[in-house]
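Here is how the chains run, residue by residue.
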Amino acid sequence: MDRPPVVTPRHRTFRAALRWGAALALVALSAFVGHQLSQQTGLARMREAAEHRLDMIATGLDAELTRFDYLPALLEMTPVVPALLRSPGDPALSDAANRYLAGVNATTRAEMLYVLDAGGTSLAASDWDQPGTTVGQHFAFRPYMIDALAHGRGRFYGVGITSRRPGYYLSYALRREQAAPGVVTVKINLEDNESAWRKLPGDLVVVDQRGVIILSTRDDLKFRPLLPMDALQRAEVLRARPYGTAPLEPLQWQRVEALAPGVDLLRIDGADKLGTTRTLRHAPWQLIALDDMGALRVGARNAAVTAALGMVALLLLGVTLWQRRLAERQKLANQAALQAAHDSLESMVVARTAQLHAAQDELVQAGKMAALGQMSAGLAHELNQPLTAMRTLSESAAILLDHRRDDDVRGNLKRIRDMVDRLARLTAQLKTFSHKQQLQRVPVVLAGAIAEAQVIVAGAQQKYGVQVEIDLDPPQLAVMADEAALGSVLVNLMRNAIEAMEEAPQRLLRLEGRLHGDGRALLTVSDTGPGIRDDVVPHLFEPFVTTKPAGSGLGLGLMLCAQLVRAMDGDLQAGNRAGGGAYFAVELPAAGLE
Ligand code: ADP
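Each residue is numbered by its place in its chain's sequence as written, counting from 1. In keeping with the predicted nature of the model, local features appear solely for residues at pLDDT of at least 70, side-chain atom pairs appear and are counted solely at 80 or more, and the whole-chain, interface and lining totals rest on all residues. Water and hydrogen atoms play no part in the side-chain values, which are based on all heavy atoms of the structure.

Draft legend 1. Representation of the pairing of strand 11 (residues 286-292). With 5 of 7 residues buried, strand 11 lies mostly within the body of the structure. Bridge analysis of strand 6 (residues 203-207) against strand 11 gives 5 bridges, and the strand direction is antiparallel. Note on strand 11: the bridge partner recorded for L204 is A289. In short, DSSP must find at least two bridges between two strands for them to pair. The secondary structure listing takes helices from DSSP runs of H or I that are at least 4 residues long and strands from runs of E that are at least 2 residues long, numbered from the N terminus. As judged from the 7 bridges shared by strand 10 (residues 271-279) and strand 11, these two strands associate in the antiparallel manner. Of the residues in strand 11, the one forming a bridge with G275 is L290. As consecutive antiparallel partners, strand 10 and strand 11 are separated by 6 residues. Each residue's exposure class comes from its accessible area (1.4 Å probe, protein chains only) as a fraction of the maximum for that residue type: buried when under 20%, exposed when over 50%, partly exposed otherwise.

Draft legend 2. The arrangement of the pairing of strand 9 (residues 263-268) in detail. Within strand 9, 5 of the 6 residues are buried, which leaves the element mostly enclosed by the surrounding structure. Relative to strand 9, strand 8 (residues 253-260) runs antiparallel, the two sharing 6 bridges. The residue of strand 9 that forms the bridge with R255 is L266. Between strand 8 and strand 9, which pair antiparallel one after the other, the connecting turn spans 2 residues, and G262 there sits at a positive phi close to 80 degrees. When strand 9 meets strand 10, the two strands line up antiparallel, connected through 6 bridges. Bridging across to strand 10, V263 finds its partner in T276.

Draft legend 3. Broad picture of the environment of V445. Locating V445 in the fold gives a position in strand 12 (residues 442-445). Between the alpha carbons of V445 and Q252 there is a distance of 144 Å; along the sequence they are 193 residues apart. The contact rule is simple, with two residues in contact once any of their heavy atoms fall within 4.5 Å. What V445 contacts, discounting residues up to four positions off in sequence, is Q476, L477 and A478.

Structure below.
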């Protein structure tokens, strides 16, 4: 059975954790790679610089150390030196030798130059006239003496016994004169070299054959052994006193890692250094360039941070792009969903509209039927009154016939005929609903029209006990109108007024006719009834608007009136009077008076 893959919240957190983990791993990896790369390149650059520096310094130092190799030959060939060795006590010889040595010393720019006899006693020296001169002193214990006598030449670095200044002692045996051998010693001051090295970057130390630093750009390292000395070495140092009174406190010198032959990572007194070692050619010493790893470490750390930040930026960019793609996809999905919703809504609207139309059709049909019913009821009501009047007239005519009152019978018949005419006219009026009928425009005297209408509403008027007041000024006031239409309007307005006053305490129907200066006449029909209902006022002239019970009101009367008046170039207005009751104002063109 196929099931869709279930993604539970736990799956989700697991996946999120996985993603975070991968991102962190990437950041860590780039930090590591950045660190390593920076360290490697930094180290390589540092090594190269150190090698270069060492090349320079070693060449200089080697040159300095071989500069005096010609001295023994020079002194052997100078007669005064062998002469002095032969007769050491001769003051004239020693004076001449002293002056000669001083001259040579000044030329070679050595620190000191002196000649010793085979026993190690200084016979003559360049500093013979200085206080603390070596002349007359014994140096037999000095290794360079021993070496020179044994091997022809000796080398010794040490602090001067009388001068207390460190220097390099080069000694050469004077062998030509076998009878009286001697040794010439030149002391070179290497402090100038040392101070020149201080101007170079990094530190530099020179370590002698015992592993003691004898030259250093750092004062605190001077005369300190790299490793604690053993008993033999200590005894030798005690004997030769090469380091003067220095306490010889061992350094914490630790080789952490050998990077290449002669290149080591060192830890000296707790500080990490890159040590590059070079062996001198003309002295049993080692030159060690010491470079601080601190800057390298900082650089590597910065590189790591930069790489990590770069990776973070890359990841953020990736996430942003990914999210944008997701959002794009989401947007498309939303659009599709929206479109689907829109489509279904549209079809629903179409269906509903169809239903609505059907319902509306039914409603219209029902409305038509209701209108028809109302109209029929209204028509019956309209017809009923003249029919009742006609019945009364014909009954009284029969009685009048019995009494042979022929004239009265004729009068009744005439009135019946008038009623029939009126009914015919009413039917004609109804036709105005269906099609427009051309109305006549003839002068109609208002007094006559009102009297005719009064006859029709007489029954109702008597029934409700309504008093009628007619005020026409001028009395012969006439309007241009269709007589039947005007009659219909008057009957309608008067009957409405009478019926409105059915329950009124005072029942007065007033008809007032006035002539306006602009050739128009105004007939106002007013009553003392309750007035037109507020909700009816705005719809008064619309069809089927009625407050009367079904069967008794058609709601067509006022609409018909308004149409007829308008068709006669007139205007019908209605409203409630300030003192109570309603008024209807019919305005029509006035007819010229004969
Ligand atoms: P119908 O008389 O069949 O109701 P009309 O169009 O003649 O139809 O009148 C519409 C409505 O106007 C009446 O139902 C009534 O509420 C109101 N109306 C007409 N004349 C008066 C009046 N004189 N006083 C108060 N209300 C009136």
